[in-house]
Every structure is written in C-alpha cells, then in structure tokens.
Amino acid sequence: MTITDDLKARRLYYDGASGTYLQGKGIAGGKYPELLNLRRPDVLYAMHRGYFEAGANIALAHTFGANRFKLAGTGHSVEEVVTAGVKTAKRAAAEGAHRYVSLDIGPLGRLLEPVGDLDFEEAVALFAEVVRAGVAAGCDLITAETMSDLAEIKACMLAVKENSDLPLFVTAAFQEDGRMLTGADIDAFCATVTALGADAIGFNCSFGPEQMQPLLARLLEISTIPVIANPNAGLPEVRGEKTVYNVDADAFSTYMAKFARMGVAVMGGCCGTDPHYIRALVEKTRRLPLIPSAGRPRPVASSYLHAVRFDGSPRLIGERINPTGKPTLKQALQSGETDRILREAIRQEEAGADLLDVNVGFAGAEEKALLPAVVRAIQSVSDLPLSIDTADPSAMEAACRAYIGRPLLNSVSGKAASMEQILPVAKRYGGLCIALLLDDDGIPESAAGRLAVADRILAEGKKYGLTKADFLFDPLTLTVAENPDAVRVLTETLLGLEERGLYSVAGISNVSFGLPRREGLNAALLAISLSAGLSAAIVDVTAPAIRRAYQSALALLGYDRDFSHYLAAYAEGDAVDSTAPAPTYDLAYAIKKGMVDMAAQIARQEIEKRDPMSIIDEDLVPALDAMGRDFEAKTLFLPQLLRSADAAAAAFAVVKAHLPQRAEGEGRGKIILATVQGDIHDIGKNIVKALLENYNFRVVDLGKDVPPRAVLEAVRTHGAPLVGLSALMTTTVGFMEETIRLLRAEAPEVTVMVGGAVLNADYGKEIGADFYGKDAMATVRFAEAYFDHKEVSP
C-alpha cells in the first residue's frame, strides 16, 4: 500500500520538530545540523522512533537543508548525507505498520530571479540532486516544506516530478496576512501547486495553530486534494536560559482536533513540538472522521501573486502584446527593447485586463528563446496571469517552464498532432488550455460539428489526467464579412458549451476584419457573446467601446448585481467612454512600475536640467516612500517592491555620478547587517539591505553565519551605531541572543534591530533587541526615525 492509498482510508500524522527534540536532548545541531545523519545516527533513530511511538505515520528524514549550497565546505556530498538520513528513518519505520519515511526538502536559502539572483534552472538542478539521492535511499514520499516563494516551489516540484514518481506533499510558510514572503496568496499557491501535481498541500511553520486557522479555512474551501497542517507550538518566548513556545501540548492538540473537524487530512507539528505534542494530537483526532476536501475542480489561471477563475464573472484577456499588424512592437521585439513591451503590458493592466495574452511570433523570430524572456520580463512588472500564445510547441514549453504560476496556454486544437504535442506540456507544467474547436478537417461549419471537436479534445485530455476544468474552449470567431453566419454559429456553440458545463473563450476582434469602424462591431459581438455564456474574451481592453460594452453587459446580465462596478466605471462622468489618457512617463511612474531602463533614461534626461540632489529629494525618495507605504498597506508586494527598488537604483546610479564626492559618501547613516551564527539563510537580510541602500543608508553587510564577536568587531571598525540581525532557524536564535548580550556588554551605545520568521516583537524584547522588524519596510522606517530623530520607540 502506498501513502496515497492509505490517505484515502485514514488521517495521517507527520512527526514534530527535529530541532526542538534535539535541543531537549542537549544536542546542538550547529551550523550543519544535517551532518548529525553521519555523526549521531543513534540520536536521530531515537527521535524517529519516539515520534512513531507517539502515533506519527510520517517521519521526515533529517534532510531539510541537505543541498549543495548548504553542504559546501563540509567535505560531505548531498548523496552521502541524504542517504544516511533516509536510511536511519527507515530503520525506525520498519518497526511498525502504516509508517512512511519522507525525504524532507527545505528552501535553498536564496531567492530566485527576478526577485533574487538564483537562476531557476540552477535551483531545479540543486533540488534534483537531493531528490535522486532520496529516491535511491528508498524514501516513500517527498515533502517540500517551509517554502516561502512560489518560484522556488515550482523549481522543487519540477525536480521531484522529473526525477521520481513518488507522492509529493507541499507545505508553505505563510504570513498572517495570508500571503507568502514573495506575495502569493492562498488561491495562487493552491492553483499552482495542485496543477503541478502535488498529492497534498498545506501550511507549516511561521506561527501557531490559532494564527493558522483562518488560512486553513480558505485552503480547505478551494483545495481538491488533501490538506496538511503542521503549525508551530505557538510563538517563541525566553524563559531563563531556554527558548520555549507558548502553546502547550494540550492546547495544541485541541486546536488540531478543530482542524480535523474542518477537514484537515494530514497533521503534525513544526517548531516547538515534540513527541508529547504528537501523542496528544493523535489521541484527540484519531477517532474523528476523515472529511474529504471541499473544493471542486475549477478553471483557474494564476500569476505569482493571485489567481483568476473563469467560472464566475466573465474575464477580459488583453490582446495587444502581439506583433501582428504592430510594426513598433515587432521592432521592439527584434531589437530587445523590453520597455516598449512592458509599457504595453502595464497599459492593459491599468485599463482593466484580467489576464494578458503574450505572442511574440513574427517571421524569423526565435520564439523558443524570445517567448520565455518576454514572459519573465512581463512578470517582473505585472501581477496579472499570462496567456502564452504560440504555435511553436517548443516555445510554449520553454515559456511554461519560465512562468511562475499557472499559465493559460493558447492553444491546443482537435488536430491529432496538436493534442499530441500540447497536452503533455499542459500536464507537465499545469497549464490551463485554450482549445480551438477545429480538427484535421478544418473548422466545422456548424455548432454541432464544433462541439464534437470539444468532445474529442476532452476524451484525449482524459488520457493525460486532464478534466473539463483544464480547458477553455474557443468556438472560433470568423470574419463576418466573409462568413455571414459567423456570429450565429459562434453563439450557438457558446450556448452548447454552457449547456455541457464547459468553459469558453473567444477572440472577439476577428469578427470585424475588412470592415470600417471595427471597434463598434467588436463591442457589439462582445456583448452578444457574454449573453451567450462566454467565460473570457480576448480583446483590446484599451478601446473605450470595449470597456463600455463589458461594463454594461456585466450589469445587465446580473454579474454586477448592485451596479457597483458600473457606477464606479462612470463615477467621473463618461470616463469609460473616452480614451484613457496616456500615462505621464516621469521618474515616479518609472519607479512605481519597476521600469528599470525607463528610470535610467529619464534620470539621464533630468540630470541635464536639474540639480542632482533635487532629483533625489523630489523624485527618488518620495517615489520610494510611496512604494513603501503601499507595501505596508498590503496593496503592493515584495516582488514589486524590489523591482521598484531596482528602478530607483538604476536612476540613482545615473544621478550619483553627478554628486559631489562628499554628498555621495555621507549617506543617511551607517548600518551593520548580519545573519547570525549557525544560520545560512540570508534572504530576509538581503531584502533589507537592498531597500536600505535605496534609501541612501550605508550598509556594511557581514553576510551569513556571522559569529557574535565578528559583529562586535565590525561595529568597532566601522563605527556603526545601528546593527540589524537576522535568523530564520529556531536553533540559531540563541546565537542572536548571545550577539546582543555581547554588544550590550562591550558596545552599549549600539542600537540593535532583529528580524526573521522565527521571531516576533515580544520575543525580540526578551532577547534584548531594541526593535523587531516584521518586514523589510518596517526596518527601513525604524532606520529613518533613528537617524533623523534619535528618539524612537523600541
């Protein structure tokens, strides 16, 4: 019996925290806790056995950080460490029934491009090494856990799927606002991970069960696969010399019983939990019935931030990123002028598009290289899901691999060769397919003929595990000037698709080719098609008549029941009826939209007319402040914030060359940053550094795994009055406290900021910090207040 079979019959239980267990036994994991697999397998065997005896079914092998990055310099290979870890856990599992060993894969410790500097394919290769070693050692399943970046999750999942056929469970570390570190919400996470083929999905770490409950409620509402909950034992506190968590085993297990009644199928513990916690939660939940996931398959696409469903209000897909008939766009693609394409993406997003169609095909185009590059560029400035539009299967696969989220694939058809080439790509990368209702005999003349093609596509898709929720069917809009029955057949086909419970999409603009005043005809067809049940329309969203027809149809067809969207669209007179004014491409706009090349270009123009300090004070700083406020208000997320910081940095680099040396060197104040000893995860520290530097602070970055004495020496060497310390791992918070004690004793004038996923404000105070930064912008604000006023609240 496999674990997926077992999961259909019973609730399953993960173990608890390894770090907490080992600390309880007086064993320090040190900088490389995974090396305990080689040095102290007896202790790890006892840990696994203890968790199994407490009632756990799944032991996570001690391989969380056993990747090439982390093991570099240890003299031990990934294969060696992973093999030892899996085999030790398997020895404990062999002593009972319904026991499974999972390869445990944690984050790599670096953010992937475009947010970070780690190449996607390099990340896939790093994960693949771990997967191959775990499979060879005999693990029963694979768990990707504590992931905080959707791009990294995708890289890990591809590595698993391309190197094994084992079940894959995925848990992510979310923030209390319901988003991952890089901004993905629960719907985007669920849509992407489910489409990529996870067998179970859920949350771990970050916080305790109380904070996890509302997140679980949303995931249980939408998930079609079993849901996992592995919370921390509350929040950390310092009691004497020990770090403890504030939710005891009885309270923890009471919450977990509530989760079981909500529908959680797999549960265990993360930081702060030990065998006592697992025993208590098993005792309180094992007799509770297993409730199936409440979600149902839905047609959904997602970006790296949010998801778009097609089973409710009709959606608009912007059609303008297509070089056909657009010589300036074609020239931009040929010359690599990315900003021209990005401006078009932003323009459509601002006009109200729900998704963007991306087509880069023209005679002589190297689509396999060009399409993924354009997809990555657009995803760096727009959070809309994308429709990958190409007739080249190899280009589609390359773009799918580069895309973060669940893409819309435009398109597959009823032609045998098309289905053979595209359906495997859709399955491999989790794409939602646009299916053209034509086959090897061409486009059927009747609605019945086109619906028959839909049936054949569905039948072929079933062979790949695809269902009707994985398709949007395109009835094909023909030119009415050449086909007088084009609109009638289109609407009959749309009605037929709706009757069958299928979802639809149509390219509206095709209808008016060869006729004058095309915009009016297109708008009329849009309204007609929406009334016939169209799920999504591919249109020019910037056209006033299209926007007017769309808003009016939603109101008349009952999608906008209280007319709130209609009234908002016309709140300022006849705004929707007029052509939207072109945006003012000033420096603030370029920074806000993350347009790096544009920001540098505008800065070069401005420096010819203005004093460099006025550009910094009047343009750069206010633009960054505005972005920071949006980030704090949760209307802007980390990828966009960092992209804006990149744009500001590009502009500042131009301006800086014209600053007097004195002004350039002064900055706003000097800050020491370090990830504490034993911790090699420096994502958070690097984000803080990037933003501080863009606010003109002078940052001395000591890197990761920094001993307390090295922090003190840097303070003395550089004369920095402000120190920022970061930690991600529970086991390294002790080094953070030790560093603060050393600074208090030998450099009492220094102010200390702390941050990291395992911390909170109360815990920061308990270990002696002056300030806890819940995110990067909070740290920037504290630094501003510190250096500007020297009077700040801890």
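Basis of the calculations
Residues numbered from 1 in each chain as written. Predicted model: local features only at pLDDT ≥ 70, side-chain atom pairs only at ≥ 80, totals over all residues. Heavy atoms only, no water. UniProt positions renumbered as here; feature names shortened; annotations may be inferred. Buried < 20%, exposed > 50% of the residue type's maximum accessible area, 1.4 Å probe, protein only. Helix = DSSP H or I, 4+ residues; strand = E, 2+ residues; numbered from the N terminus. Pairing = 2+ DSSP bridges. Right-handed = clockwise from strand over helix to strand, strands pointing away. Salt bridge = Lys/Arg side-chain N within 4 Å of Asp/Glu carboxyl O. Phe/Tyr/Trp six-rings, centres within 6.5 Å; stacked < 30°, edge-to-face > 60°. Lys NZ or Arg CZ within 6 Å of the ring centre and 35° of its normal. Expected span 1.5 Å × (residues − 1). Polar contact = N/O pair within 3.5 Å; in protein donor to acceptor, adjacent residues only side chain to side chain.

- As recorded in an unreviewed UniProt entry, the protein chain goes by Methionine synthase and comes from Aedoeadaptatus ivorii.
- Under the UniProt heading Catalytic activity (unreviewed entry), the entry covering the protein chain gives this text: "(6S)-5-methyl-5,6,7,8-tetrahydrofolate + L-homocysteine = (6S)-5,6,7,8-tetrahydrofolate + L-methionine".
- For the protein chain, the Function (unreviewed entry) comment in UniProt is given as "Catalyzes the transfer of a methyl group from methyl-cobalamin to homocysteine, yielding enzyme-bound cob(I)alamin and methionine. Subsequently, remethylates the cofactor using methyltetrahydrofolate."

### A closer look at the pairing of strand 17 (residues 432-436)
(1) Moving on: Most of strand 17 is tucked away: five of the five residues are buried.
(2) Moving on: With burial as the criterion, each face of strand 17 is covered, one bearing Leu432, Ile434 and Leu436 and the other bearing Cys433 and Ala435.
(3) Moving on: Across five bridges, strand 16 (residues 408-413) lies against strand 17 in parallel orientation. Looking at strand 17, one finds that Val412 is bridged to Ala435.
(4) Moving on: In the classification by handedness, the crossover that spans strand 16, the intervening helix 17 (residues 416-429) and the parallel strand 17 is right-handed.
(5) Moving on: Across four bridges, the pairing between strand 17 and strand 18 (residues 471-474) is parallel.

### Here's the deal with the pattern of salt bridges
(1) Moving on: Following the criterion strictly, the structure yields 41 salt bridges and no others.
(2) Moving on: Here Asp311 and Arg296 are joined by a salt bridge, their closest N and O atoms 3.7 Å apart. Of the two residues, Asp311 sits in the loop between strand 12 (307-309) and strand 13 (315-321) while Arg296 sits in the loop between helix 12 (275-285) and strand 11 (300-302), which places them 15 residues apart along the sequence.

### Re the packing of aromatic side chains
One pair of aromatic rings is described through two measures. These are the centre distance and the angle between the planes.
(1) Moving on: In the structure shown here, the tally under the stated rule is 12 aromatic pairs.
(2) Moving on: Ring centres 5.6 Å apart and planes at 20° place the aromatic pair Phe471 and Phe473 in the stacked group.
(3) Moving on: Given a relative accessible area of 0%, Phe473 falls into the buried group.
(4) Moving on: The rings of Phe697, Phe771, Phe782, Tyr786 and Phe787 are connected pair by pair, giving a single aromatic cluster.
(5) Moving on: The ring of Tyr45 has Arg91 lying over it, and the distance from NZ or CZ to the ring centre is 4.2 Å.
(6) Moving on: Sitting above the plane of the Tyr585 ring, Arg343 keeps its charged end 5.6 Å from the centroid.

### Some remarks on helix 8 (residues 150-163)
The α-helix advances 3.6 residues per turn, and as a result positions three or four apart in sequence lie on the same side.
(1) Moving on: Here helix 8 spans 20 Å end to end across 14 residues, near enough to the 20 Å set by a 1.5 Å rise per residue.
(2) Moving on: Most of helix 8 sits inside the fold, with 11 of its 14 residues counted as buried.
(3) Moving on: Buried residues of helix 8: Leu150, Ala151, Glu152, Ile153, Lys154, Ala155, Cys156, Met157, Leu158, Ala159 and Val160, and no others.
(4) Moving on: Where helix 8 begins, one side-chain oxygen reaches toward the backbone nitrogen of Ala151, 3.1 Å away; that side chain belongs to Asp149.

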